[in-house]
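Structural overview
Below are the chains, spelled out letter by letter.
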2 protein chains.
Amino acid sequence: MKMSTTTTRMNKSDLKLIAVLERTGGFASAQELHQILRREGDGIGLTTVYRALQSLVDDKIVDLLRREDGEAIYRLCGDNHHHHLVCKSCGDTVEIEGGAIEKWAKTMAEEFGFREVGHTAEIFGICSKC
Amino acid sequence: MKMSTTTTRMNKSDLKLIAVLERTGGFASAQELHQILRREGDGIGLTTVYRALQSLVDDKIVDLLRREDGEAIYRLCGDNHHHHLVCKSCGDTVEIEGGAIEKWAKTMAEEFGFREVGHTAEIFGICSKC
DNA sequence: GTGGAAATGATAATCATTTCCATTTTTGTG
DNA sequence: CACAAAAATGGAAATGATTATCATTTCCAC
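1. A look at the sheet that holds strand β2 (residues 62–66) of chain A
What the three strands build is an open sheet, ordered β1-β3-β2 (chain A); its pairing is antiparallel. With one partner strand each, in any of the chains shown, β1 (28–29) and β2 of chain A form the two edges of the open sheet.

This is the structure we're talking about:
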């Protein structure tokens, strides 16, 4: 009998990206992640970085959100669904619980007969330090 | 004595954009707004559309947010704040109230000492027709 | 009308992201 | 090991939104 081959596929590039994201901690754009890897001597291509990030997002291993200028930024996410409170000025981010949102989304969707419901919600403002 | 010349500057293009945004009601990207104006026979240039939108955003007459793909979308800001329930399949959109969200966003932001707070929240799923 | 400032819009430049495609690496199998 | 098929890779070109340039036009005060 074979070992399960249907667990999440994870190739070298995916692992590299995860490693960098773990190390850096916060959010980073694809370009930044690419530069970091290059600086460390890894010859990984930009294309591969984008590909890896996309597959990690698909597998819900990485969170994708947007800077104010629209650039995509990525971060490792825990397995618990959460939302973000983002500082418009310094980019600092706080993970917050969204119990109220979950309920709201569910209620609204049901009311209008929607199925397979998901939602996004972000709060942004200026943090106390800025 | 002169009339106040220091009130918000508002040129023809600005007014055109405001008019379209009023008429369409929801969100629209710069490109879409440009197309609408063109379709209506207005020869306005894309550059001018971007310029006008930017100045309206600066003057806090228009809100800027982002689609999921990062494209900038604009809407008149004011007290008609609402959220959307979007069908992933047919794109149909329902405007909904977000009372719970407003409260949630406010509470969370205060808890972490954020100022000048805004938020985005969208629900997506598959509508009853699809 | 005249001159200068503001507005306009076509075109080119920029920048993140995707697409293409040829090449390399990995993997499964005998 | 050898070999073929599949997956991964990365460079270059394409895309698409947004911004910068710059020559021309419109506005207005005098």
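Next comes the rest of the write-up.
2. Quick word on the packing of helix α1 (residues 12–24) of chain B against helix α2 (residues 30–39) of chain B
Residue and element names in this part refer to chain B. Look at α1 against α2: their axes get within 11 Å of each other, and the N-to-C directions meet at 95°. Considering their axes alone, α1 and α2 lie roughly perpendicular with respect to each other. Here Lys16, Leu17, Val20, Leu21 and Thr24 of α1 come into contact with α2, specifically with Leu33, Ile36 and Leu37. Partitioning the contact of α1 with α2 into residue classes produces six nonpolar, one polar and one charged.

3. Side note on the protein's contact with DNA strand D
Residues in contact with DNA strand D amount to 17 residues; listed here are only the nearest, Ser13, Thr48 and Arg51 of chain A together with Lys12 and Tyr50 of chain B. The share of sugar and phosphate among atoms of DNA strand D within 4 Å of the protein is 61%. Arginine 38 of chain A is positioned with one of its side-chain polar atoms (N or O) 3.4 Å from a phosphate oxygen of DNA strand D. Interatomic distance of 3.5 Å between a side-chain N/O atom of threonine 47 of chain B and a base nitrogen of DNA strand D. Secondary-structure elements contributing two or more residues to the surface near DNA strand D are α3 (46–58) of chain A together with α3 (46–58) of chain B. The greatest single-element share of the surface near DNA strand D, amounting to four residues, is contributed by α3 of chain B. Among the residues making up the surface near DNA strand D, the classes are represented as four nonpolar, nine polar and four charged.

4. What to know about the protein's contact with DNA strand C
Contacts to DNA strand C come from 16 residues, most closely from Tyr50 and Ala72 of chain A together with Ser13, Thr48 and Arg51 of chain B. Within the contact set of DNA strand C, a phosphate oxygen lies 2.9 Å away from a side-chain nitrogen or oxygen of lysine 12 of chain A. Taking threonine 48 of chain B, its side chain carries an N or O atom lying 2.8 Å from a phosphate oxygen of DNA strand C. Listed by contribution, the elements that provide at least two residues to the surface near DNA strand C are α3 of chain A together with α3 of chain B.

5. Some details on the relation of the copies chain A and chain B
You can overlay chain A on chain B at an RMSD of 2.8 Å; the transform is a turn of 175° with a shift of 0.4 Å along its axis. Both chain copies can therefore be described as sitting about a two-fold axis. Measuring from the rotation axis to each C-alpha of chain A, the shortest distance belongs to alanine 121 of chain A, at 1.8 Å. When the interface residues of chain A are mapped onto chain B, 97% of them are again interface residues, pointing to one common binding face.

6. What about α3 of chain B?
Residues three or four positions apart in an α-helix share a direction because the helix packs 3.6 residues into each turn. Residue and element names in this part refer to chain B. Helix length check: α3 (13 residues) gives 18 Å between terminal C-alpha atoms against 18 Å at 1.5 Å per residue, within 8%. Among the residues making up α3, those that are buried are Val49, Ala52, Leu53 and Leu56. Relative to the axis of α3, the buried residues are bounded by an arc of 100° and lie together on one face. What points out from α3, more than 90 degrees from its buried face, is the exposed set Thr47, Arg51, Gln54 and Asp58. Looking at the packing, one finds that the buried side of α3 touches α1, α2, β2 (62–66) and β3 (72–76). Lysine 60 sits one or two residues past α3 and shows a positive phi near 60°.

Cut-offs applied
Residues numbered from 1 in each chain as written. Chains lettered and ligands numbered in written order. Predicted model: local features only at pLDDT ≥ 70, side-chain atom pairs only at ≥ 80, totals over all residues. Heavy atoms only, no water. Pairing = 2+ DSSP bridges. Helix = DSSP H or I, 4+ residues; strand = E, 2+ residues; numbered from the N terminus. Axes fitted to C-alpha atoms, helices over the stretch in contact; angles between N-to-C directions. Parallel < 35°, antiparallel > 145°, perpendicular 65-115°, else oblique. Contact = heavy atoms within 4.5 Å. Nonpolar A, V, L, I, M, F, W, Y, C, P; charged D, E, K, R; others polar. Near = heavy atom within 4 Å. Polar contact = N/O pair within 3.5 Å; in protein donor to acceptor, adjacent residues only side chain to side chain. Least-squares fit on C-alpha atoms with pLDDT ≥ 70 in both. Expected span 1.5 Å × (residues − 1). Buried < 20%, exposed > 50% of the residue type's maximum accessible area, 1.4 Å probe, protein only. Arc of directions from axis to C-beta.

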